[in-house]
Amino acid sequence: MKTQVALRLEDSIVESARREAERQNRSLANLVETALGEILVAANSGAPVLSLLDGDDLDDAVAIDDDGNVDDEETARLRHLAAIARRGRGE
C-alpha cells in the first residue's frame, strides 16, 4: 500500500531532484522513495554512510567498507575518478 505525503522542500533541492529523476528516466516520487529506502537500509545495517569532506576536494577522501574500515582498493578508484573529473573540468 502506498501513502501520499506532502513535504515542504527548498526549491533548489526539488529542481535538482527533478533533473536527476529525468536523467534517470524515472519519476520524482520513485527517486525520492528509492533514496529514502537506501538511507534506511544503510542506517539499519550499522555501516557508515556519510563522508565528511572539506569543499570539493576528494584527494583525501576514503572509501569505507561495511565494517567501517578503509578499503584501499575502492579508495584508489574513488581518487582516480576524482582526478578524471578534475581533468574534465579543466583543473
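Residues numbered from 1 in each chain as written. Predicted model: local features only at pLDDT ≥ 70, side-chain atom pairs only at ≥ 80, totals over all residues. Heavy atoms only, no water.

Engineer: Report on the overall build of the protein, specifying residues and quantitative values.
Structural biologist: Scanning the protein for helices and strands turns up three helices and zero strands. Listing the helices and strands of the protein from first to last along the sequence gives α-α-α. Expressed as a percentage of the 91 residues in the protein, the buried residues total 12%. Sequence separation of at least 24 residues holds for 9% of the intrachain contacts in the protein that already meet a minimum separation of 6. Accessible area of the protein: about 8000 Å², with a carbon and sulfur share of 52%. (Helix = DSSP H or I, 4+ residues; strand = E, 2+ residues; numbered from the N terminus. Buried < 20%, exposed > 50% of the residue type's maximum accessible area, 1.4 Å probe, protein only. Contact = heavy atoms within 4.5 Å. Areas by Shrake-Rupley, 256 points an atom, 1.4 Å probe, with all protein chains shown as cover.)

Engineer: Explain the side chain of Thr-75 residue by residue, including any values.
Structural biologist: Topologically, Thr-75 is positioned in helix H3 (residues 72-88). Residue classification places Thr-75 among the buried residues on the basis of a relative accessible area of 6%. Those residues in contact with Thr-75 that sit more than four places away from it in its chain are Ala-61, Val-62, Ala-63 and Val-70.

By themselves, these figures tell us nothing about what the structure is for.
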